[in-house]
Amino acid sequence: MNFRPWYNLLLICLLFLANSCAQKPAFKKHKTVFKVGDQQEWATKNWNDEDWKTGNPLIEDDRVFWLRTPIDILKAPELLHPYGIQLHVYGEYEVFWDGVLIGKNGNPGQEAVLGPEGNLWTTHSIPTHLTQQGEHLLAIRASLLSFRDHAGIWEMNIDYYDDLLTDRLVETSYMYIFAGAFLIASIYFLFLFLGDKKEYATLIFSISCFLFFTLILAEFMKAYVPIHYSMHVTRLRIISFLMLSISFLIPLYFSMQFPFPRRKLLLTIYTLILLFFFLSRYVYELTANNMIFSMWFFSFGIVMFGVYKKMKGARLVMLTFLLSLPIAFIAPFNKSLFAGFSLILLGMFYLLSLRIKEQRLAYENSLVQSTRLRLELLKKNIQPHFLMNTLTSLIDWIEESPKKGVLFIEALANEFDIFNQIENKKLIPINQEIALCRSHLEIMEYRKEINYTWQEEGIDIEQKIPPGVFHTLLENGITHSLPLENNSIQFKLIFESRSDYKCYTFLTFATPVKREVNTKKEGTGIKYIKARLTESYQEQWKFTSEPVNHGWKNTIKIYS
């Protein structure tokens, strides 16, 4: 599979991280103080706020409160290129810079009357004459009707106003391009799973990619979707649920790729730890960190077990985990989160590609083996020993009874005609396979002068089967059986259909010739049957062959 698109996307993400880390701040923020009340003079730069409190205030009702933050501008803005301020503040508020109103977000003090207005993230332009190098004052007049324990300035950035407006959109566009790759991967591997519903690792990877895509949307939607502060906690809960799901699915995926002892017990304990973090009332970043690091350490332990056991692909996956670790310390939380997850998902994709490659090689080998065995089976049916015995019997019948000799020739021609029609096909109708078996019994009856009978029960003529499977079982029954006391051998084919599988039972009623049951060596016929079943049904089949009181019993189960 082609890894180049994934490498390119990862490179974009890492370059984006490097750029975000290289930016130098244009300001220095001092300690924020607050006071409950409402006086317009509190916006002025020179107001004495020594008696104001520090920290985040706890608002008991929807009263107005003020926040004051001294800020040092380290470099004056360029001409015609003003500074702006970007705020992440819970509540509805007005923004003052050196006593001048520069922005309004909602209706502070009137939330209960006028309803929710404004956004949680806002950007305001600062007049150029108020942003000269030196000390300035940011004052915020706010009210907080919902989540009154969240008062305060949670995030603040001062930069060129145009850059503040465009940088977040540019950042979001890059991340959405990145997310689109995971959406495409999710859809692609979902269709792969629908083609083979037993490959649960493929389904888990598909779901993980889709959850990661959804997580990026939920995290970066704030750049273009207006979100009132009262809805922000709901968004954080959705993000936490997505992270909980991803943090559970990734170790589950690695546990399937690198099986380890007591897997169910350890996964259960790990799940309880994740639920404890998810249900705890910590702040979002702490809850997310706890789940992420739990996922990282548990998954890394599974991968290390795979390295210890020398399992295929474990070393490269371990490298992706080690690369994701330093990113958490050199980049901001939201950027390191997605870069780290991307590396881990890339490791998951690598393991899945190895598994798909192994399945493809196994399928190609089964085709080669099936072709070789088909040719051997064809050779077996036309080999000199078979032809000499058949022709000898034919000469005897022509001399003794010309009419039966003609019937013998017709039966022989009919079998070869059917065999030539089906030997190159992957699946044939069951009634065509039965016709081949009946024709062969007619020939063998002339050759060995034994009464061979054929019975069927519950046969569905709509069903298909790999060619020569029951014919091979029939030959084995003839070769390894002696007739009963009445000089007869009976064969019976029974079909049963269930919701999750279809079953064929092939019975031989005869006196069996003594043969080894538990021998590890398989004859050409049994190898042919298994190769044909693998070619048509991959691993969704089961074949058993065992002696019974009345002779021999063969069972073929085909799972849906």
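Look up: the structure comes first, before these words.
This structure is a prediction, so every number in the text was calculated from the model and none was measured. (Residues numbered from 1 in each chain as written. Predicted model: local features only at pLDDT ≥ 70, side-chain atom pairs only at ≥ 80, totals over all residues. Heavy atoms only, no water.)

What follows deals with the packing of helix α13 (residues 469–479) against helix α14 (residues 524–537). Across the interface, α13 lies against α14 with an axial gap of 10 Å and an inter-helix angle of 160 degrees. Of the possible angle classes, the one that applies to α13 and α14 is roughly antiparallel. Of the two possible hands of crossing, α13 and α14 adopt the one that is left-handed. Every residue of α14 that contacts α13 at V469, T472, L473 and N476 is listed here: G525, I526, Y528, I529 and R532. Looking at the contact of α13 with α14, its residues break down into 5 nonpolar, 3 polar and 1 charged. (Axes fitted to C-alpha atoms, helices over the stretch in contact; angles between N-to-C directions. Helix = DSSP H or I, 4+ residues; strand = E, 2+ residues; numbered from the N terminus. Parallel < 35°, antiparallel > 145°, perpendicular 65-115°, else oblique. Left-handed = near helix turned anticlockwise from the far one by under 90°. Contact = heavy atoms within 4.5 Å. Nonpolar A, V, L, I, M, F, W, Y, C, P; charged D, E, K, R; others polar.)

A few words now on the packing of aromatic side chains. This structure, assessed with the given rule, holds 30 aromatic pairs. Taking the centre distance of 6.1 Å and the plane angle of 45 degrees together, the rings of F193 and Y200 count as tilted. Taken together, the ring pairs in this structure connect Y188, F189, F205, Y253, F254, W296, F297, F300, F321 and F349 into an aromatic cluster. The lysine or arginine in question, R68, covers the ring of W52, its NZ or CZ lying 5.8 Å from the ring centre. Residue placement shows K557 over the ring face of Y501; its charged tip is 4.7 Å from the ring centre. (Phe/Tyr/Trp six-rings, centres within 6.5 Å; stacked < 30°, edge-to-face > 60°. Lys NZ or Arg CZ within 6 Å of the ring centre and 35° of its normal.)

Note that I184 resides in helix α3 (residues 161–195). C-alpha separation for the pair I184 and C209, spaced 25 residues apart in sequence, amounts to 8.7 Å.

Soluble globular proteins tend to pack their nonpolar side chains together in the buried interior. Grouped together as the largest cluster of nonpolar side chains are 53 residues, with contacts concentrated most on F212, Y253 and F254. Taken together, the elements giving at least two residues each to this core come down to α3, α4 (200–220), α5 (229–257), α6 (263–279), α7 (284–308), α8 (314–330) and α9 (333–382). Not counting chain neighbours up to four residues away, the residues in contact with Y253 comprise A201, I204, F205, M348, L351 and L352. With 34 residues, the next largest nonpolar core counts F491, Y504, L533 and Y537 among its residues. (Core = buried A, V, L, I, M, F, W, Y, C linked by side-chain atoms within 4.5 Å. Buried < 20%, exposed > 50% of the residue type's maximum accessible area, 1.4 Å probe, protein only.)

This paragraph deals with the pairing of strand β16 (residues 501–509). Within β16, 7 of the 9 residues are buried, leaving the element largely enclosed by the surrounding structure. Hairpin connection of strand β15 (residues 488–497) to β16: 3 residues between the antiparallel strands. As judged from the 9 bridges shared by β16 and strand β19 (residues 551–559), these two strands associate in the antiparallel manner. Counted as the bridge partner of K502 is I558 from β19. (Pairing = 2+ DSSP bridges.)

A few words on α4. Across its 21 residues, α4 extends 30 Å between first and last C-alpha, which sits within 8% of the 30 Å expected from 1.5 Å per residue. Burial analysis of α4 places 15 of its 21 residues in the buried class, which makes it a mostly covered element. (Expected span 1.5 Å × (residues − 1).)

On to the sheet that holds strand β18 (residues 541–548), then. Read across the sheet, 5 strands follow the order β12-β15-β16-β19-β18 without closing on themselves; strand pairing throughout is mixed. Unpaired on one side and paired on the other, β12 (451–457) and β18 mark the two borders of the sheet. The sheet shows a mean angle of 10 degrees between the axes of neighbouring strands, direction not considered. Sheet strands in contact with α13 are β12, β15, β16, β18 and β19, and its direction is about 25 degrees off that of β16.

Residue K310 is not a glycine yet carries a positive backbone phi of 60 degrees. Within the secondary structure, K310 is located in the loop between α7 and α8. Phi angles above zero are rare outside glycine, and N487 is one such case at about 60 degrees. Among the secondary structure elements, N487 is positioned in the loop between β14 (481–482) and β15. Take N487: its relative accessible area is 32%, and that puts it in the partly exposed class.

Once that is clear, we can look at helix α12 (residues 430–448). With 19 residues, α12 extends 27 Å between its outermost C-alpha atoms, agreeing within 8% with the 27 Å of an ideal straight helix rising 1.5 Å per residue. Among the residues making up α12, those that are buried are I430, Q432, E433, I434, L436, C437, S439, H440, L441, I443, M444 and Y446. Two residues or fewer past α12, E449 is found with a positive phi of approximately 55 degrees.

So, about the packing of α4 against α5. To describe two helices that pack against each other, one gives the angle between their axes and the distance between the axes. Where α4 meets α5, the closest approach of the two axes is 9 Å, and the angle between their N-to-C directions is 155 degrees. For the element pair α4 / α5, the angle class is roughly antiparallel. Between α4 and α5 lies a crossing of left-handed hand. Contact with α4, carried on its side by Y200, A201, I204, F205, I207, S208, L211, F212, T214, L215, A218 and E219, involves R235, I239, L242, M243, S245, I246, L249, L252, Y253, M256 and Q257 of α5 and no other residues of that element. Taken together, the residues of the contact of α4 with α5 sort by class into 17 nonpolar, 4 polar and 2 charged.

Applying the stated criterion across every chain, the model contains 9 salt bridges. Where E219 meets R235, a salt bridge forms, and the shortest distance between an N and an O atom there is 3.8 Å. With E219 in helix α4 and R235 in helix α5, the pair connects residues that are 16 residues apart, well separated along the chain. By relative accessible area, which is 10% here, E219 ends up buried. (Salt bridge = Lys/Arg side-chain N within 4 Å of Asp/Glu carboxyl O.)

Together, I187, L190, F191 and L194 line one region of the surface with nonpolar side chains, adding up to about 380 Å² of accessible area. Mapped onto the elements, L194 comes out in helix α3. A relative accessible area of 45% means that L194 is categorised as partly exposed. (Patch = residues over 30% accessible without salt bridge, like charges linked within 9 Å, V, L, I, M, F, W, Y side chains within 5 Å. Areas by Shrake-Rupley, 256 points an atom, 1.4 Å probe, with all protein chains shown as cover.)

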